[in-house]
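One letter stands for each residue in the lines below.
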Amino acid sequence: KKVSTVLQNSILAKHYDAWIPIPSHPLKDYQRGYNIIEKIFKPYFDLQNIPIKHILKRSKNTKALATLSKEKRIKTLKGSITIHTKTPFQAKNVLLVDDIVTTQTTMKECIKVLNRHTCIKTLDCLSLIKT
């Protein structure tokens, strides 16, 4: 299926106030030349008038998680995701977006940080691929 079809079927059922990309470290974005999550998802969300909110940041440049066990991923990610803004963030419905979810470790770490530092009524998660 086309990405836009999958997104449309999953997103149109609910109105979202914003979407938050899982953050990558700025060095990785620089090496790639772009942010992969924004490259994939932003055009669609722009068409749906769902604003992006960069409120998470990856403060540590962790090694690639794909080769690590779930336990090592948890250890590696601990403390690497932080809030990027000092402005309080409040929203009713927010979508947390990642490209690939394998063990859910990154997604869960982001959810913990968002739950501690924001006021979001409903936080849904979306990924392009779940392995």
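Right, let's walk through the structure included here. (Residues numbered from 1 in each chain as written. Predicted model: local features only at pLDDT ≥ 70, side-chain atom pairs only at ≥ 80, totals over all residues. Heavy atoms only, no water.)

**Here we look at the nonpolar core**
- Membership of the largest hydrophobic core comes to 27 residues, with the highest contact counts inside it found for Trp19, Ile20, Phe45, Leu56, Phe89, Leu96 and Val97.
- Only strand S1 (18–21), helix H3 (36–47), strand S4 (90–101), helix H5 (105–117) and strand S5 (119–130) provide two or more residues apiece to this core.
- Residue contributions to this core peak at 6 residues, all from S4.
- For Trp19, the residues in contact, after removing those within four places along its chain, are Ile37, Glu38, Phe41, Lys42, Phe45, Ile50, Pro51, Ile52, Lys53, Leu95 and Val97. (Core = buried A, V, L, I, M, F, W, Y, C linked by side-chain atoms within 4.5 Å. Buried < 20%, exposed > 50% of the residue type's maximum accessible area, 1.4 Å probe, protein only. Helix = DSSP H or I, 4+ residues; strand = E, 2+ residues; numbered from the N terminus. Contact = heavy atoms within 4.5 Å.)

**Some points on the packing of helix H4 (residues 70–77) against H5**
- Two elements in contact, H4 and H5, have axes separated by 10 Å at closest approach and are oriented at 35 degrees. Along this stretch, H4 crosses H5, giving a crossing that reads as right-handed. Contacts between H4 and H5 involve Lys70, Arg73, Ile74 and Leu77 from the former and Thr105, Thr106, Lys108 and Glu109 from the latter.
- Looking at the contact of H4 with H5 residue by residue, the class counts come to 2 nonpolar, 2 polar and 4 charged. (Axes fitted to C-alpha atoms, helices over the stretch in contact; angles between N-to-C directions. Left-handed = near helix turned anticlockwise from the far one by under 90°. Nonpolar A, V, L, I, M, F, W, Y, C, P; charged D, E, K, R; others polar.)

**Some remarks on the environment of His54**
- Tracing the backbone shows His54 in the loop between H3 and strand S2 (56–58).
- Spatially, the C-alpha atoms of His54 and Ile20 are 6.2 Å apart, while their sequence positions differ by 34 residues.
- The contact partners of His54, leaving out residues within four places of it in the chain, are Pro21, Glu38 and His84.
- Among the polar contacts listed, one links the side chain of His54 to the side chain of Glu38, at a separation of 2.6 Å. (Polar contact = N/O pair within 3.5 Å; in protein donor to acceptor, adjacent residues only side chain to side chain.)

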